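# Examination of the molecular architecture
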Amino acid sequence: MFHVEQRGVLGHLLQESSKIIGVTIEPDQTRLFLVYLEQLKTWNQSFNLTAITKDEEIIVKHFIDSLAALQAVNMEPGSRVLDIGTGAGFPGIPLKIVRPDLCMTLIEPAHKKSAFLHFIVGLLRLKNVDVFQGTVELFRSTQRSAILYDYLTTRALNPSFIFQKAHDLLCECGKAIIYSAKPLDKNSFPEGWNFVSDYTFQLPHAHGSRTISVFSHCS
């Protein structure tokens, strides 16, 4: 558990870093992020949830990086978001904390990571969050795939996988939000996908450059 002074320092870092990228985190949301951080570190001692283990790096490289999508895309209230290969919940859970109106579905094939996702969603009392343990292919074969999504997000998967395997999970002209270290090759995506925008930004405290690329799929 963090002691009071440590919580204050980490809370300040979180709020300061979010303001740098133009996202406001409310005090009650900051509390949720700190609980998330505590539990992520605790579970990580037994299960390999993330290779990033330092408090500042988790806050900046996971939490803040995830939230940058809110600057890249103007998500309408109540949008349905499908986070594919979410791992320990990135970007889906940070987005849900700051935007509780979003309807979030998290796909993660690893049992231990999906167990953590179920736990943290319950602990944080996040509403309208569904956790699916399995692959995208398995997800598509279930009744859940009857729901179409406004946005697909991924920080971990190769963009070509999203373009080829997940396009039919989007509603008409839905968008894929892809996180990467640098802008994607705009000539490498399949027919039916249209490049919308790149949002390139610097992670706070000299943690490097990141790009969020947005593509739309219209049949």
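Residues numbered from 1 in each chain as written. Predicted model: local features only at pLDDT ≥ 70, side-chain atom pairs only at ≥ 80, totals over all residues. Heavy atoms only, no water.

## Remarks on the pattern of salt bridges
- Counting across every chain of the model gives 6 salt bridges.
- Between Lys 61 and Glu 57 there is a salt bridge, with the nearest N and O atoms lying 3.7 Å from each other. Here the residue Lys 61 and the residue Glu 57 both occupy positions in helix H3 (residues 55-67), the gap between them amounting to 4 residues, near one helical turn.
- Across the pair Asp 168 and Arg 140 runs a salt bridge, and its minimum N-O distance is 2.9 Å. Here Asp 168 is found in the loop between helix H8 (159-165) and strand E5 (170-180), whereas its partner Arg 140 is found in helix H7 (residues 136-140), with 28 residues between them in sequence.
- What emerges from the salt-bridge pattern is a single network uniting Asp 65, Arg 155 and Arg 210. (Salt bridge = Lys/Arg side-chain N within 4 Å of Asp/Glu carboxyl O. Helix = DSSP H or I, 4+ residues; strand = E, 2+ residues; numbered from the N terminus.)

## Considerations on the nonpolar core
- Counting residues in each nonpolar core, the largest one holds 53 residues, and the members touching the most others are Phe 33, Tyr 36, Phe 63, Met 75, Ile 93, Leu 95 and Leu 124.
- Counting residues per element, this core draws most heavily on helix H2 (residues 27-44), at 8 residues.
- Core analysis: the second largest hydrophobic core is formed by 19 residues, Val 136, Tyr 149, Ile 178 and Phe 215 among them. (Core = buried A, V, L, I, M, F, W, Y, C linked by side-chain atoms within 4.5 Å. Buried < 20%, exposed > 50% of the residue type's maximum accessible area, 1.4 Å probe, protein only.)

## Section: the pairing of strand E1 (residues 80-84)
- By the criterion of burial, E1 is predominantly enclosed, with 4 of the 5 residues buried.
- Sheet topology note: the E1/strand E2 (residues 103-108) ladder contains 5 bridges and is parallel. Note on E2: the bridge partner recorded for Ile 84 is Ile 107.
- For the crossover that starts at E1, traverses helix H5 (residues 92-98) and ends in the parallel E2, the hand is right-handed.
- Bridge count between E1 and strand E4 (residues 149-154): 3 bridges; the pairing is parallel. (Pairing = 2+ DSSP bridges. Right-handed = clockwise from strand over helix to strand, strands pointing away.)

## Topic: the sheet that holds E4
- Pairing is mixed across the open sheet formed by 7 strands, whose spatial order is E3-E2-E1-E4-E5-E7-E6. The open sheet is flanked by strand E3 (129-133) and strand E6 (193-202), the only strands paired with a single partner. Strand-to-strand, the axes of this sheet are offset by a mean angle of 20°, without reference to chain direction.
- Inspection of the sheet shows E4 paired to E5 by 5 bridges, in the parallel sense. Residue Tyr 149 lies in a different strand from E5, and its bridge partner there is Leu 170.
- Packing of helix H6 (residues 111-123) onto the sheet brings it into contact with E2 and E3, and relative to E3 it is tilted by some 165°. (Axes fitted to C-alpha atoms, helices over the stretch in contact; angles between N-to-C directions. Contact = heavy atoms within 4.5 Å.)

## Considering the confidence of the model for the protein
- Mean pLDDT over the protein works out to 91, with 96% of the residues at or above the 70 mark.
- Per-element averaging of pLDDT across the protein places H8 at the bottom with 84 and H5 at the top with 98. (pLDDT = per-residue confidence, 0-100.)

## Quick notes on the packing of H2 against H6
- Direction vectors running N to C along H2 and H6 enclose 150°, while the axes themselves pass 11 Å from each other. When the axes of H2 and H6 are compared, the pair comes out roughly antiparallel. Note that H2 runs across H6; the crossing there is right-handed. Packed against H2, whose contacting residues are Val 35, Tyr 36, Gln 39, Leu 40 and Trp 43, the element H6 presents Lys 112, Ala 115, Phe 116, Phe 119, Ile 120 and Leu 123 at the interface.
- A per-class count over the contact of H2 with H6 returns 9 nonpolar, 1 polar and 1 charged. (Parallel < 35°, antiparallel > 145°, perpendicular 65-115°, else oblique. Left-handed = near helix turned anticlockwise from the far one by under 90°. Nonpolar A, V, L, I, M, F, W, Y, C, P; charged D, E, K, R; others polar.)

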